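Survey of secondary and tertiary structure
Spelled out, the chains give:
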Amino acid sequence: GRAVLIVTSTTVATSPLQPAPPPVTVAAAPRGKRIGTTASPFASVVAVAPNAPLLADDVKAASIIFVADPVSTETAAALREQALAGKTIVAVPKKSDAATAAMLGGLLGRDSVRIGEARAANYAMLSEIDFQHPLFAPFADPRYSDFTKIHFWKFRKLDVTTVPAARIVAKFDTGDPALVEVPVG
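The paragraphs below set out a description of the structure included in this document. (Residues numbered from 1 in each chain as written. Predicted model: local features only at pLDDT ≥ 70, side-chain atom pairs only at ≥ 80, totals over all residues. Heavy atoms only, no water.)

Here we look at the layout of surface pockets
Each pocket or cavity is described by its volume, and for the largest pocket that value is around 1,700 Å³. Every residue lining the largest pocket is counted, 40 residues in all, and those nearest its centre are V90, A91, V92, L179 and V180. Counting residues per element, the ones that place at least two in the lining of the largest pocket are β4 (64-67), α2 (73-84), β5 (88-91), α3 (98-108), β8 (156-158), β9 (167-172) and β10 (177-181). When residues of the lining of the largest pocket are assigned to their parent elements, the largest contribution, five residues, is made by β10. Grouping the constituent residues of the lining of the largest pocket by class yields 31 nonpolar, two polar and seven charged. (1 Å grid on protein atoms, 1.4 Å probe; cavity = no way out; pocket = protein on both sides within 12 Å on 5 of 7 lines; lining within 4 Å. Points joined across faces, edges and corners; volume = space filled by probe spheres on them. Helix = DSSP H or I, 4+ residues; strand = E, 2+ residues; numbered from the N terminus. Nonpolar A, V, L, I, M, F, W, Y, C, P; charged D, E, K, R; others polar.)

Looking at the nonpolar core
Core analysis: the biggest nonpolar cluster contains 19 residues, and L5, I65, V67, V71, L79, M103 and L104 have the highest contact counts within it. Elements represented by at least two residues in this core include exactly β1 (2-7), β3 (43-48), β4, α2 and α3. Top contributing element to this core by residue count: α3, with four residues. Ignoring sequence-local partners within four residues, the contact set of M103 consists of V67, D69, P70, V71 and A76. (Core = buried A, V, L, I, M, F, W, Y, C linked by side-chain atoms within 4.5 Å. Buried < 20%, exposed > 50% of the residue type's maximum accessible area, 1.4 Å probe, protein only. Contact = heavy atoms within 4.5 Å.)

Set out below in structure tokens:
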């Protein structure tokens, strides 16, 4: 299977589509160590705490890296180097604080970006999805392209004007970007 690296301070659960090994708990992780792994027929997942240095073997093995919590300037720079070398880095920020804005800026080679909490009247749904993008292409068939059952009660709003070359792949029905792709290098 493929390897996935997740930088987070919370529990990492497995997909409901796969047999469920115990979730990887990372909240009480020792500094500087790999804090947990889980495997399935689809992927092996390695979770590390945001304050822990990335282990070279974990980064090398990962086909994709998810970052949920702010990381140090050094870690953001190391992740940016990985992106420049061709790795896919996916930022899924849990907060919209200054540390998150600085981390996103570091990943993108900027000082910072503007990010805030979005406010939806009740909930938001995906709209204006680019089904030509590789992420959504498998759902282009009308039998699979109905995303109206997926609701978002909380999400972060990225000001894409602070991110040159940002491409909005999907928007929320509020008009806010839901998924933004930013090439680096």
